[in-house]
Amino acid sequence: MYDNWKTYKLGDIIVSANTGLDAIKRAPIVQDDTGIKCLRIQDVSQEKEYNNWGFCNVSKENYKKFALKEGEIIIARTGNTIGVNMFVKEDINSVFNNGLIRIRVNKQLNYPKYLYYIFRSNSFKNYIQAIAFGTSTQPNMQIGSLLNYDLVLPPLPEQRAIANILSTIDDKIENNLAMNKTLEDMAMALYKNWFVDFGPFQEGKFVDSELGLIPEGWEVKPIGEFVNHQKGYAFKSKWYKSKGKVVVRVSDTTHNSIDLNSCNRISYQKAEELKKYNLTTNDVIITSVGSWPPNYASVVGKVVRVPSVANGCLLNQNAVKLQMKLKDKKHQSLLYFTLKNVRFLNYIVNTAQGSASQASIKLTDIFDYKIPFLSITNFINFSSQADSLIEQQNQLIEENQTLTQLRDTLLPKLISGEVRLKEFEEVITAAL
């Protein structure tokens, strides 16, 4: 740490810290568009977009007190995701509920975005885990304990410079994610044009089928005719290491990718013994056990494409990987978008069995899913276009992996004063 850096308690550098509104009486979630939303823990932990937050009823007085303002930091104070946080980039027509703590920073001592990055550090996460109490399934955090956190701050100009460069990396990651989603939407629109609206075949005759009207010459077939499968393996927790081959769990899958940073690892020796469970680029993963929609983080029937950065990883239990049979492997994109289509999700909802928190679907039910089909050779044009979009997605995911590693390497070193920003200027410039 440098001479001009000073040590503080968190409570010394903030204006206020308070919990939000009671979710039952003072800010109940409603179905109607009230114009005001309520931020909840799940919205923060799942990084939901504002459009996906719930509307709420709240009095004018409470809205004035609890509306989210630019520069505030929100931290979850209870539950399994205790400590997760978000930075409020601009004033928002939303309040927050009492599962969250709002931090307002003293800007004479601290640059708000810099404090946010301190909250993203492993040092802060470890502190939160140490002060959490309650049962193992419901940890809790008192504001007083939170405010006792020790931190060191450089002068404001250096705080701003560090936060701005980390923000630049995060902005690039967010832009790549947005581009990735656009590519996904484009490919899904292409699939819908071909296999839902039958756009390229509209000039021909259509006939009745169990799926409705389909082009003449097409058949309705179960998807099991076209795929090979491999169930995931029940890896033992005692095998997990700090380094080694990545093991992908259901909880590590996102909307259309895999979060390698959250995965466990096993030794390369053990991984070699279990190589039949290896994933390859563009494999399709389906979760066979999970919750009902809309809890997408662990929903049963979630469909994920394996990105190139996860090539060679291993698949854990409660999921199955699917590949088009050998002669049709070049049409893997067709398999993926067939299963990402909303009709398959509806099929899963109607087929899965079990409780809301522990539903499951049989492999035979997945294989029985019916699709309209012609000869695979007729789909070369679709596959080539879809594959091009997927390749662009893979490149963006690889770039984000590099950027994430750079940010996660820089963050603890910069906020601890171990290194100065200028030491990484060339590396940062090259990455951005």
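Everything below is about the structure printed above this text.
Starting from 1, residues in each chain are numbered consecutively following that chain's sequence as written. The predicted origin of the model limits local features to residues at a pLDDT of at least 70 and limits the giving and counting of side-chain atom pairs to 80 or more, whereas totals for whole chains, interfaces and linings rest on all residues. Only hydrogens and water are set aside when side-chain values are computed; all heavy atoms of the structure are taken into account.

S.K.: Help me understand the side chain of Ser94 in this model?
M.R.: Positionally, Ser94 belongs in strand 8 (residues 94–96). Here a polar contact means two N or O atoms within 3.5 Å. Within protein one must be a hydrogen donor candidate and the other an acceptor candidate, and residues neighboring in sequence count only if both atoms are side-chain atoms. In terms of polar contacts, Ser94 uses its side chain to reach the backbone carbonyl oxygen of Lys37, at 3.0 Å. Contacts between residues were defined by any pair of non-hydrogen atoms, one from each residue, lying within 4.5 Å. Excluding residues that lie within four positions of it along the chain, Ser94 makes contacts with Ile36, Lys37, Cys38, Leu39, Tyr50, Trp53, Tyr63, Phe66, Ala67 and Leu68. Here a helix means four or more residues in a row that DSSP labels H or I, a strand means two or more in a row labelled E, and each is numbered from the N terminus.

S.K.: Where do I start with the side chain of Asn85 in this structure?
M.R.: With respect to the helices and strands, Asn85 occurs in strand 7 (residues 85–87). Burial classes: relative accessible area under 20% of the type maximum marks a residue as buried, over 50% as exposed, and values in between as partly exposed (1.4 Å probe, protein chains only). When its relative accessible area of 7% is taken as the criterion, Asn85 is described as buried. Not counting chain neighbours up to four residues away, the residues in contact with Asn85 comprise Val44, Ile74, Ile75, Tyr116, Phe119 and Arg120.

S.K.: Before we go on, may I ask you to explain the packing of helix 3 (residues 112–119) against helix 6 (residues 156–195) in this structure?
M.R.: The geometry of a pair of packed helices is captured by two quantities: the angle between their axes and the separation between those axes. The contact between helix 3 and helix 6 brings their axes to 8 Å, and the two run at 65°. In terms of their interaxial angle, helix 3 and helix 6 are classed as roughly perpendicular. Where helix 3 crosses over helix 6, the handedness of that crossing is left-handed. In this structure, helix 3 contributes Lys113, Tyr114 and Tyr117 to the contact, and helix 6 contributes Gln159, Ile162, Ala163, Leu166, Ser167 and Asp170. Simply put, an axis is a line fit to the C-alpha atoms, just over the touching stretch for a helix, and the angle between two N-to-C directions goes from 0 to 180 degrees. Roughly parallel means an angle under 35 degrees; roughly antiparallel, over 145; roughly perpendicular, 65 to 115; everything else is oblique. Left-handed describes a crossing whose near helix is turned anticlockwise from the far helix through less than a right angle; right-handed describes the clockwise counterpart.

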